[in-house]
Amino acid sequence: MSTRVLFTPHAAGDLALPNRLVLSPMTRSRALPGGLANPLAATYYAQRASAGLLISEGTQVSPQGVGYIRTPGIHSAAQAAAWAVVTEAVHAAGGRIVAQLWHVGRISHPDFHDGALPVAPSAIAGVGEVFTPEGRKALVTPRALETHEMAGIVEQFREAATQAKAAGFDGVELHGANGYLLDQFLRDGSNVRTDAYGGAIENRARLPLEVVDAVIGVWGAGRVGYKISPTASIFGMEDSDPAATFGYLADELSRRGIAYLHVAEAVAGPRLAPGPRIAPGLRSRFGGALIVNGGYDFASGEAAVASGEADFIAYGVPFLANPDLPERFRRGASLNEPDPNTFYAGEEKGYTDYPALGDASA
Ligand SMILES: Cc1cc2nc3c(=O)[nH]c(=O)nc-3n(C[C@H](O)[C@H](O)[C@H](O)COP(=O)(O)O)c2cc1C
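Residues numbered from 1 in each chain as written. Predicted model: local features only at pLDDT ≥ 70, side-chain atom pairs only at ≥ 80, totals over all residues.

Colleague: Explanation requested: the overall build of the protein chain in the structure shown.
Modeller: Regarding its fold elements, the protein chain presents 11 helices and 14 strands. Relative to a compact globule of 362 residues, whose C-alpha radius of gyration would be 21 Å, the protein chain shows 19 Å and is just as compact. Along the three orthogonal principal directions, the C-alpha set of the protein chain runs to about 55 × 45 × 35 Å. Buried residues in the protein chain amount to 51% of all 362 residues. (Helix = DSSP H or I, 4+ residues; strand = E, 2+ residues; numbered from the N terminus. Rg over C-alpha atoms; globule rule 2.2 N^0.38 Å. Buried ≥ 20, exposed ≤ 12 C-beta atoms within 10 Å, placed from the backbone.)

This is how it looks when you write it as structure tokens:
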């Protein structure tokens, strides 16, 4: 029988959260021109406000950081104003929401940059394809950032963190996972630099940690989270020693006292990572709250928190399809089926029209 620890309150830094269920960040590709959050997003997130914490979809920190069509930005006053509609709706519904700050690095395409190459730690192409305004394209070999450009990258994140504050978010999460820019710097399969930003792990972690420090300067450490996916091979990502690489990062994040470390490392489902998990080894190295993610259901989430393996569980697809996921778990109710065809398209369909238990249509 369940101990239902998922429904107990717990803090993540300065964020007092009423339960252990987190909405995992999910790109929904419905933003309006100019990278403005769609007004429908206010409904979508407010519908899910019973989560302990909502993490927004990835929001690009600059025009350079974009890599997908119809993703929202968080680098202009107009974008912050569009997000303010969302954060107000979430707060009115009793929820809390942090903005996921995102720079895709090499997972972009010249189509987004008037023909210019995307930037990355090294001129090594990711493996895979991107959707650009022109359609599906193969990833290109990016341009390696010059050493003197690093300060500008840090500034992009600082500015985005400032705009996130203006937008009324409760904090920010740095997107250091899934093969995007911060992950590209950290892992040695994508970073072969020979300056102070490459080589030893202390160097590969330099830019990510400079970004962390800049964002802490805006928000305070207690409202900053960091997401990693230490064993994900997405877009051809690899590292020769993930336990050491991510262990070092966890130590440094812990030393800075950030609110939470969010580890995407699937325990079941289509993203199930082969080989040993990294998350359990990070538990003792990181002093803040630990969020785990990937393939969890009610039982496995409850077990992970009850055993002390993690403090929170981020649910992605189950929360996408069930706006009232906490209530369904509480009652042991059945779940709506997710519709993958509307994950990245469909406007209201597959976005704001999944029924809650009490709905007439449920
Ligand atoms: C439609 C979709 C969009 C996603 N977009 C993001 C994103 O913007 N940022 C991110 O960190 N992860 C993103 N992810 C990954 C999820 O946050 C999560 O790590 C993944 O779905 C595994 O959790 P789950 O098994 O509970 O769904 C996305 C996943 C899906 C299905």
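Next comes the rest of the account.
Colleague: Can you walk me through the site of the ligand in this structure?
Modeller: Around the ligand, the surrounding shell holds 23 residues, and the nearest of these are S24, T27, G58, G316 and V317. Contributions of two or more residues to the shell around the ligand are made by β4 (53-60) and α10 (317-321). When its residues are assigned to classes, the shell around the ligand shows 9 nonpolar, 11 polar and 3 charged. (Near = placed C-beta within 6 Å. Nonpolar A, V, L, I, M, F, W, Y, C, P; charged D, E, K, R; others polar.)

Colleague: Explanation requested: helix α9 (residues 298-306) in the structure shown.
Modeller: Owing to its 3.6 residues per turn, the α-helix brings residues three or four apart onto one side. Residues F298, G301, E302, A304 and V305 constitute the buried set of α9. Mapping the buried residues of α9 onto a view down its axis gives an arc of 165°, with all of them on the same face. Packed against the buried residues of α9 are β13 (289-293), β14 (312-315) and α11 (325-331). (Arc of directions from axis to C-beta. Contact = placed C-beta atoms within 7 Å.)

Colleague: Would you mind showing me how to read the packing of helix α1 (residues 40-47) against helix α2 (residues 77-92) here?
Modeller: Geometry of a packed helix pair, given as the angle between the helix axes and the separation of the axes. Contact pair α1 / α2: the axes reach a minimum separation of 8 Å and the direction vectors enclose 30°. Judged by the inter-axis angle, α1 sits roughly parallel to α2. The two elements α1 and α2 cross, and the hand of that crossing is right-handed. Within the contact between the two elements, α1 uses A41, A42, Y45 and A46 and α2 uses V85, V86, A89 and V90. (Axes fitted to C-alpha atoms, helices over the stretch in contact; angles between N-to-C directions. Parallel < 35°, antiparallel > 145°, perpendicular 65-115°, else oblique. Left-handed = near helix turned anticlockwise from the far one by under 90°.)

Colleague: So what exactly am I meant to see when it comes to the environment of E202 here?
Modeller: By the secondary structure assignment, E202 is in helix α5 (residues 201-204). E202 sits in the exposed class, given 11 other C-beta atoms within 10 Å.

Colleague: Before we go on, may I ask you to explain unusual backbone geometry in this structure?
Modeller: Only a minority of non-glycine residues have a phi that is not negative, and only a minority of peptide bonds are not trans. One non-glycine residue with positive phi stands out, namely S29, at about 50°. Phi angles above zero are rare outside glycine, and E347 is one such case at about 50°. Structurally, E347 can be placed in the segment after α11. Note on E347: 12 C-beta atoms within 10 Å, which makes it exposed.

Colleague: Looking at this structure, how should I read the nonpolar core?
Modeller: Most often, soluble globular proteins keep nonpolar side chains buried together rather than apart. One finds V22, Y45, L101, V172, V215, I291 and I313 to be the most contacted residues of the largest nonpolar core, which totals 99 residues. When residues in this core are grouped by element, the largest group, 7 residues, is from helix α6 (residues 206-219). Other than its neighbours up to four places away in sequence, V172 contacts V98, A99, L101, A161, A164, V215, W219 and V224. (Core = buried A, V, L, I, M, F, W, Y, C linked by C-beta atoms within 7 Å.)

Colleague: Can you walk me through the pairing of β14 in this structure?
Modeller: Strand residues, when the strand is regular, have side chains that alternate between the two faces of the sheet. Residue alternation in β14 divides its side chains into two sets, F312 and A314 and I313 and Y315, and both sets are buried. As defined by bridge partners, strand β3 (residues 21-23) adjoins β14 across 3 bridges and the pair is classed as parallel. When the bridges of β14 are listed, L23 appears paired with Y315. Both β13 and β14 contribute to a ladder of 3 bridges, which runs parallel. Residue N293 lies in a different strand from β14, and its bridge partner there is A314. Between β13 and its parallel partner β14, the chain crosses via α9, and the hand of that crossover is right-handed. (Pairing = 2+ DSSP bridges. Right-handed = clockwise from strand over helix to strand, strands pointing away.)

Colleague: Help me understand the sheet that holds β14, please; the structure alone is not making it clear to me.
Modeller: Strands sit in the order β3-β4-β5-β10-β11-β12-β13-β14 around a closed barrel of 8 strands; the barrel is parallel. Here the strands of the sheet are splayed against their neighbours by 25° on average, with no regard to which way each runs. Pairing of β3 with β4, which is carried by 2 bridges, proceeds in the parallel orientation. In the strand pairing of β4, V22 is matched with L53. α6 contacts β10 (171-175) and β11 (224-228) of the sheet and is inclined by roughly 170° relative to β10.

Colleague: Looking at this structure, I do not really get the pairing of β11. What am I missing?
Modeller: A large share of β11 lies buried, amounting to 5 of its 5 residues. The alternating pattern of β11 places V224, Y226 and I228 on one face and G225 and K227 on the opposite face, and all of these are buried. Across 4 bridges, the pairing between β10 and β11 is parallel. Residue pairing for β11: L174 is matched across the bridge by Y226. A crossover links β11 with its parallel partner strand β12 (residues 260-264), the connecting element being helix α7 (residues 242-256), and its sense is right-handed.

Colleague: I tried to follow the environment of R136 on my own but got confused; where do I start?
Modeller: Looking at where R136 falls in the secondary structure, it is placed in strand β8 (residues 135-138). Between the C-alpha atom of R136 and that of A99, which follows or precedes it by 37 residues, the distance is 27 Å.

Colleague: How should helix α3 (residues 150-166) be read in this particular structure?
Modeller: For α3, built from 17 residues, the straight-helix expectation of 24 Å at 1.5 Å per residue is met to within 8% by its first-to-last C-alpha distance of 25 Å. Those residues of α3 that fall on the buried side of the exposure criterion are I153, Q156, F157, A160, A161, Q163 and A164. Buried positions in α3, seen along its axis, are confined to an arc of 165° and lie on one side of it. Buried residues belonging to α3 abut α2, β5 (97-102), β10 and α6. (Expected span 1.5 Å × (residues − 1).)

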